[in-house]
Amino acid sequence: MYKQIGILTGGGDAPGLNAVIRAVVRTAIGEYGMNCVGIEDSFEGILGETHTMKLTFKTVSGILPRGGTILGTRNRGSFVKMVDGKPTFPEMPIGEALANLDILGIEALVVLGGEGTLAIAEQFHKRGFPVIGVPKTIDNDLAATELTFGFMTAIDIATEALDRLHTTAASHDRVMILEVMGRNTGWIALHAGLAGSADVILIPEIPFAFESIAQKVQARERSGSRFTNIVIAEGATEVGRGEIYLDTEEMRLGGIGDHVRRRLEDITGKESRCVVLGHLQRGGSPNAFDRMLGTNFGACAVRALASGETGKMVALQAGTIVTVPLSEAVANIKTVPTDGQLVRTARDIGISFAAPKEIPVS
Ligand code: F6P
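Residues numbered from 1 in each chain as written. Predicted model: local features only at pLDDT ≥ 70, side-chain atom pairs only at ≥ 80, totals over all residues. Heavy atoms only, no water.

This structure, assessed with the given rule, holds 17 salt bridges. For Arg-76, the salt bridge goes to Glu-250, with nearest N and O atoms at 3.0 Å. Of this pair, Arg-76 sits in the loop between β3 (52-55) and β4 (81-83) while Glu-250 sits in the loop between β11 (245-247) and β12 (252-253); the two residues are 174 residues apart in sequence, bridging distant segments of the chain. When its relative accessible area of 42% is taken as the criterion, Glu-250 is described as partly exposed. Linking Glu-221 and Lys-270 is a salt bridge whose minimum nitrogen-to-oxygen distance equals 3.3 Å. Taken as a pair, Glu-221 in helix α6 (residues 210-222) and Lys-270 in the loop between α7 (256-268) and β13 (272-276) lie far apart in primary sequence, 49 residues in all. In the salt-bridge network here, residues are joined through shared partners; they are Glu-115, Asp-139, Asp-141 and Arg-183. (Salt bridge = Lys/Arg side-chain N within 4 Å of Asp/Glu carboxyl O. Helix = DSSP H or I, 4+ residues; strand = E, 2+ residues; numbered from the N terminus. Buried < 20%, exposed > 50% of the residue type's maximum accessible area, 1.4 Å probe, protein only.)

Here the focus is the domain arrangement of the chain. For the chain, the assigned domains are domain 1 (4-150 + 286-329) and domain 2 (155-282 + 337-348). The C-alpha centroid of domain 2 is placed 33 Å from the C-alpha centroid of domain 1. Taken together, the contact pairs eleven residues of domain 1 with eleven residues of domain 2. Overall, the association of domain 1 and domain 2 removes approximately 1,000 Å² of surface from exposure, summing both partners, and the carbon and sulfur fraction of that is 41%. Area buried by domain 1 at its contact with domain 2 is led by Arg-76, Ile-138 and Asp-139, which between them contribute 48% of it. (Domains from an automatic or database assignment. Contact = heavy atoms within 4.5 Å. Buried area = accessible area lost by both parts, 1.4 Å probe.)

Once that is clear, we can look at the sheet that holds strand β9 (residues 200-202). The strand order across the open sheet formed by four strands is β9-β10-β8-β13, and the pairing between neighbours is parallel. The two strands at the open ends of the sheet, each matched to only one other strand, are β9 and β13. The mean angle between the axes of side-by-side strands here comes to 15°, regardless of whether they run parallel or antiparallel. Where strand β8 (residues 175-180) meets strand β10 (residues 228-233), six bridges bridge the pair, whose relative direction is parallel. Considered in β10, the bridge of Ile-177 is made with Ile-230. (Pairing = 2+ DSSP bridges. Axes fitted to C-alpha atoms, helices over the stretch in contact; angles between N-to-C directions.)

A few words now on the environment of Glu-265. Secondary-structure assignment places Glu-265 in helix α7. Separated by 166 residues in sequence, Glu-265 and Ala-99 place their C-alpha atoms 59 Å apart. For Glu-265, the residues in contact, after removing those within four places along its chain, are Lys-270, Glu-271, Ser-272 and Arg-273.

Moving on: the site of the ligand. Taken together, Asn-75, Arg-76, Ile-138, Asp-139, Met-181, Gly-182, Arg-183, Glu-234, Arg-252, His-279 and Arg-282 make up all the residues around the ligand. Asp-139 places a side-chain nitrogen or oxygen 2.6 Å from an oxygen atom of the ligand. Among the residues forming the shell around the ligand, the class breakdown is two nonpolar, three polar and six charged. Two domains share the shell around the ligand, each providing at least three of its residues, namely domain 1 (4-150 + 286-329) and domain 2 (155-282 + 337-348). (Near = heavy atom within 4 Å. Polar contact = N/O pair within 3.5 Å; in protein donor to acceptor, adjacent residues only side chain to side chain. Nonpolar A, V, L, I, M, F, W, Y, C, P; charged D, E, K, R; others polar.)

Attention shifts here to unusual backbone geometry. For Asp-41, which is not glycine, the phi torsion reads 55° and is therefore positive. Relative to the helices and strands, Asp-41 is located in the loop between β2 (35-39) and β3. For Asp-41, a relative accessible area of 23% puts it in the partly exposed group.

Structure (C-alpha cells):
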C-alpha cells in the first residue's frame with residue numbers, strides 16, 4: 001500500500017473537479033490511511049521549486065459544490081511540444097518531475113484530465129510510475145468512457161442559454177445562433193440542441209451547407225414560425241472548408257457562429273444575432289449528476305491504485321465504473337456517430353443538421 005499519493009488537475013477546468021479531489025482525499029485517507037498531496041497547476045507543480053499542498057479532510061471540506069479546481073490547472077505547459085501538428089513528449093521535464101516526486105515522497109498519482117493531460121500521465125506510467133487517470137472534459141470527447149464529468153453541467157448551461165434565446169428570437173422574429181464549445185466534436189451542441197429545442201444543430205461531424213440552413217429558416221417562415229434557433233459547435237465547418245480559429249497559432253477555435261450569422265443574413269435577409277457561450281460552460285457549480293459521477297470516479301480511482309492497478313483510467317461503461325488502459329483512452333477522440341440514435345432522433349423530430357442534400361422539415 002502506498003504511504004502517500006499525489007493528485008493533480010490538468011487541461012481546461014470543468015465542473016466537478018473539486019468533487020473528484022474530495023472523493024480521492026476522503027477515500028485515500030479514510031479508507032486506506034494514505035497521505036494525500038495536491039500538486040498545484042497541473043504537472044507544472046512538480047517542476048523546479050515545486051508547488052504542492054497537503055490535503056486533509058479539512059482542506060476538502062465544503063468543496064463539493066464549488067466550481068473550478070482548488071489545485072489550479074494549466075492547459076499549456078512544458079510537458080507537450082507540438083511537432084508538425086502532433087504532440088510529442090520531451091524527456092527533460094518528465095525526468096525532472098519523477099526526481100521531484102521521489103523527493104516529495106509521492107509514490108503514485110491520480111491525474112484528472114482530458115486527452116492531453118492523460119497522454120502525459122501515460123508517459124509517467126511508461127517510465128514505471130504508478131498512475132490512475134480520471135476522465136474530465138466538458139467536451140465529452142474521451143474514448144473508452146461513455147461520459148466525462150463536467151459535460152452534463154455544460155449541457156445544462158447551454159440548454160438554459162437556448163431556452164432564453166428562444167423567447168427573444170420569437171419576440172423579434174430573428175435567427176439566433178448559439179456557439180458552444182466542444183473542440184472538434186459536437187457532443188455539447190447535439191445534447192443541448194435536443195434539450196433546448198434548437199431548429200438547426202451544426203456539428204463538426206456533419207459539415208453544413210449554407211443553402212440547407214437557409215432552406216430550413218425559409219421553411220419555418222412559410223409554416224408560420226418566423227424565428228429560428230441554431231446551435232453551432234465551435235469546430236463545425238462548412239462543406240469543403242476548414243475550422244475557424246480565434247488564434248491560429250494556439251489553435252483556439254471560435255468565430256464560426258458569427259461567420260454563419262453574416263452569411264445567413266445575406267442569404268435570407270433575416271435579422272440574425274450570434275451569442276458565444278464560451279467559458280460560461282466551464283465555470284460555476286457542478287450539477288448533481290457531475291457531483292455524483294465525480295465522487296464515484298474519485299473513490300474508484302483510489303480503489304484501483306490501492307489494488308495495484310496502474311496505467312489505467314476509470315471510465316463509465318454501461319452505468320458502471322470500470323478501468324481501461326490509458327493508451328485506449330488517449331488513442332483517438334470520441335466523435336458523434338452520424339448514424340447514431342441521437343442524430344436519428346433529432347432528424348426524426350425535424351431538427352436539421354444542414355447537410356448539403358438535407359430536405360428541411362418545418
Ligand atoms: O477542452 C475544453 C475547452 O473548453 C474546449 O471546449 C475549448 O475549445 C477549449 O477548452 C478552450 O480553451 P481555453 O480555456 O484555453 O480558451
